[in-house]
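# Commentary on secondary and tertiary structure
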Amino acid sequence: MTPVRRSGPDLTEAIMRTTLELGQELGYAKLSIEAIAARAGVGKHTVYRRWPSKGALLLDSLLSRGESSLDYPDTGDLVADLRRQIHEAVDLLAGEPLGPLFKALVGEAQHDPGVAAALNERFIAPQAEKTVARLRTARERGQLSPDFDLDLAMAILSGPLYFRLLITQEPLTRAYVDRVLDALFTGMGPRP
């Protein structure tokens, strides 16, 4: 039987799926373009034509899985909406099976300016924009102080999560998210 030749989107999907599978098995440090190409049944030049580096390939592979689940609901309850979205983000970034690969990708971004720019452009900035938009809606409804700095609120919401994920490496859990939100909203509410 002659093997079926894949091309275009099918081949791209196969390479990205293989990247995630091998990344989970080997860890990012041991992951190589050569190993990905071999398991996907393609030449390494086929991979390099689509992605300039292992980090760029991992970024695309990770973003192809679950980006849409990070949209904000708008139930009218700001804290509940933030809690739901941040819980989903924590599950994605720190949970199994992909959490270790997301963490490795952020580490890779510290050494590869192309990966850093792409990560910011395609994941971090869009998520920050969604958060600021949800906060803006809450401010317009009187749920936040009218003069509250929305960009600062975004930094306050995300900082403790990235600090725990990347610096202290303590578990990033839903319970921790709840503690952060409870602490923050004591001071972020509208003033009488």
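Heads up: the structure comes first, above all this text.
Rules of the game
Residues numbered from 1 in each chain as written. Predicted model: local features only at pLDDT ≥ 70, side-chain atom pairs only at ≥ 80, totals over all residues. Heavy atoms only, no water. 1 Å grid on protein atoms, 1.4 Å probe; cavity = no way out; pocket = protein on both sides within 12 Å on 5 of 7 lines; lining within 4 Å. Points joined across faces, edges and corners; volume = space filled by probe spheres on them. Helix = DSSP H or I, 4+ residues; strand = E, 2+ residues; numbered from the N terminus. Nonpolar A, V, L, I, M, F, W, Y, C, P; charged D, E, K, R; others polar. Axes fitted to C-alpha atoms, helices over the stretch in contact; angles between N-to-C directions. Parallel < 35°, antiparallel > 145°, perpendicular 65-115°, else oblique. Left-handed = near helix turned anticlockwise from the far one by under 90°. Contact = heavy atoms within 4.5 Å. Core = buried A, V, L, I, M, F, W, Y, C linked by side-chain atoms within 4.5 Å. Buried < 20%, exposed > 50% of the residue type's maximum accessible area, 1.4 Å probe, protein only.

### Concerning empty space enclosed by the protein
- Counting across every chain of the model gives one cavity of 30 Å³ or more.
- Its boundaries defined by the atoms lining it, the largest cavity holds a volume of some 50 Å³.
- If you trace the largest cavity, you find it lined by L93, F102, V106, L119, F123, I124 and Y162.
- For the lining of the largest cavity, the elements supplying multiple residues, two or more each, are helix 6 (99-109) and helix 7 (113-140).
- Residues of the lining of the largest cavity, tallied by class, amount to seven nonpolar, no polar and no charged.

### Quick look at the packing of helix 1 (residues 8-26) against helix 2 (residues 33-40)
- One can describe the packing of helix 1 onto helix 2 by two numbers: an axis separation of 9 Å at closest approach and a directional angle of 120°. Comparing the axis directions of helix 1 and helix 2 gives the class oblique. Seen from above, helix 1 lies across helix 2 with right-handed handedness. Within the contact between the two elements, helix 1 uses I15, T18, T19, E21, L22 and E25 and helix 2 uses A35, I36, R39 and A40.
- A class-by-class count of the residues in the contact of helix 1 with helix 2 yields five nonpolar, two polar and three charged.

### Things to note about the nonpolar core
- By size, the foremost hydrophobic cluster in this structure holds 58 residues, and its most contacted members are I15, V47, L57, L62, L82, I86 and L135.
- The set of elements that each furnish at least two residues to this core consists of helix 1, helix 2, helix 4 (54-63), helix 5 (78-94), helix 6, helix 7, helix 8 (150-168) and helix 9 (174-188).

### Side note on the layout of surface pockets
- Counted as a void, the largest pocket has a volume near 280 Å³.
- Around the largest pocket, the lining comprises 18 residues; the ones closest to its centre are A89, M154, S158, L161 and Y162.
- For the lining of the largest pocket, the secondary structure elements donating two or more residues are helix 5, helix 7 and helix 8.
- The class makeup of the residues in the lining of the largest pocket is 14 nonpolar, four polar and no charged.

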